[in-house]
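Survey of secondary and tertiary structure
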Amino acid sequence: MYIRRPKPWAIAESAATSEDIFFSRRKILTGMAASGLALAAAARARPAFGSDDPSAHLYPVERNPRFMLDRELTDESIASSYNNFYEFGSHKQIARAAQQLEIRPWTVTIDGMVDNPQVLDIDEILAKMPLEERLYRLRCVEAWAMAVPWSGFALSELVKLAGPAPDAKYLRFETFMNPSVASGQKQSWYPWPYVEGLTLAEATNELAFMATGVYGKPLARQFGAPIRLVVPWKYGFKSIKSVVRITFTDQRPVSFWEEIQGKEYGFWANVNPEVPHPRWSQATEQLLGTEERRDTLLFNGYAEQVADLYKGMEGERLFM
Ligand SMILES: Nc1nc2c(c(=O)[nH]1)N[C@H]1C(S)=C(S)[C@@H](COP(=O)(O)O)O[C@H]1N2
Ligand SMILES: [Mo]
């Protein structure tokens, strides 16, 4: 994420720069692979992400043919080594540091304005929920994009379980807090823990998804194991990782990036090619792992499913 200098959190680099560095590093590595020794060293350095997950036997799950794509899936090796997860560092190469995250025991607390407040164990969630695979686009506000096969279940299933009270209007999501494994959380200028929010109508839209797996396996930690939100019509920062609490409320939650820089990262954050970020255009996007740039799609290509959610809300900053 880019943030304005000279605030202390302005250490993040520009996406263009970090992508350039990332991909030229990859080229160097590919060159090195000519040497068998270098190849062996690279294999040792890269753990088999997700291989120690006790839910591994549940995957792969059946693909839902209603959620297909207009583009190739992003290479798993690229998607799992270029991640935003500020808890583990304010750059993209956090995959190795994220392996510190303890994913069992793991509970998700459902509280606030609900009929059935409860603390759910992740394995109980996995046993209860109808798991399926969906292919979704993911569009980061930094103007890069991926195409990812998520496994998981519709968020509406969790909403049903919670039983929202009549006055509940929003869901507030919270990520784990544990600076001893997530060293980014020692950076006290960030408003930890990471928080995100949706309206109840957004949360019960068929596209809103809780991912527990990706690429036919349990979520690797850098993707936000063991459970994260995926809302593909919004900029990527809304898709909060490693969720421990979902609170139903009548107050609009202030999300992590909104609190840091609300003029640039708002509550709605719907994808729109015609509404530039204050510091760069959103008209096109770089497809990670390729040389290709594509035109950005309104609502990231999901207008048919979500445009109705925003009828009559033209006064809101829906696209920032
Ligand atoms: N808890 C938490 N969730 C997060 C983030 C983060 O830093 N912390 N980064 C967000 C951003 S900016 C993006 S683009 C996506 C990236 O998801 P991916 O790494 O699985 O591609 O995660 C989002 N969820
Ligand atoms: Mo992002």
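Residues numbered from 1 in each chain as written. Chains lettered and ligands numbered in written order. Predicted model: local features only at pLDDT ≥ 70, side-chain atom pairs only at ≥ 80, totals over all residues. Heavy atoms only, no water.

Per an unreviewed UniProt entry, the protein chain carries the name Protein-methionine-sulfoxide reductase catalytic subunit MsrP and comes from Roseibium aquae. According to its UniProt record, the protein chain has this under Sequence similarities (unreviewed entry): "Belongs to the MsrP family." The Subunit (unreviewed entry) comment attached to the protein chain in UniProt states, word for word, "Heterodimer of a catalytic subunit (MsrP) and a heme-binding subunit (MsrQ)." (UniProt positions renumbered as here; feature names shortened; annotations may be inferred.)

**Side note on the overall build of the protein chain**
Counting its regular elements, the protein chain contains nine helices and twelve strands. In the protein chain, buried positions account for 56% of the 320 residues. In the protein chain, of all internal contacts separated by at least 6 residues, the share reaching a separation of at least 24 is 73%. Working note: accessible area of the protein chain is about 13900 Å², and carbon and sulfur atoms make up 54% of it. (Helix = DSSP H or I, 4+ residues; strand = E, 2+ residues; numbered from the N terminus. Buried < 20%, exposed > 50% of the residue type's maximum accessible area, 1.4 Å probe, protein only. Contact = heavy atoms within 4.5 Å. Areas by Shrake-Rupley, 256 points an atom, 1.4 Å probe, with all protein chains shown as cover.)

**A closer look at helix H6 (residues 155-162)**
Where H6 is concerned, the buried positions are Leu155, Leu158, Val159 and Ala162. End-on view of H6: buried residues confined to an arc of 105°, all on one side of the axis. Taken from the residues just after H6, Gly163 is the one with a positive phi, measuring 65°. (Arc of directions from axis to C-beta.)

**Topic: the pairing of strand S11 (residues 284-287)**
Pairing analysis gives two bridges linking strand S4 (residues 144-154) to S11, with the strands arranged parallel. Across the sheet, Trp144 pairs through a bridge with Gln286, a residue of S11. (Pairing = 2+ DSSP bridges.)

**As for the site of ligand 1**
Around ligand 1 sit 19 residues, and of these Tyr86, Glu87, Met146, Ser239 and Lys241 come closest. In this structure, Glu87 approaches ligand 1 through a side-chain N or O atom, which is 2.8 Å from a nitrogen atom. The separation between a nitrogen atom of ligand 1 and a polar side-chain atom of Thr175 is 3.0 Å. No other element matches the three residues that S4 contributes to the shell around ligand 1. Tallied by class, residues from the shell around ligand 1 come to eleven nonpolar, five polar and three charged. (Near = heavy atom within 4 Å. Polar contact = N/O pair within 3.5 Å; in protein donor to acceptor, adjacent residues only side chain to side chain. Nonpolar A, V, L, I, M, F, W, Y, C, P; charged D, E, K, R; others polar.)

**Re the UniProt feature "binding site: Mo-molybdopterin" (unreviewed entry) in the protein chain**
Per the UniProt record, "binding site: Mo-molybdopterin" (unreviewed entry) is annotated on Asn83, Tyr86, Glu87, Cys140, Thr175, Arg228, Ser239, Ile240 and Lys241. Locating Arg228 in the fold gives a position in strand S9 (residues 228-230). For Ile240, the position within the fold is in the loop between S9 and strand S10 (243-249). Not counting residues within four places of it along the chain, the set of residues in contact with Ile240 comprises Phe173, Glu174, Thr175, Tyr194, Val195, Glu196, Arg228 and Leu229.

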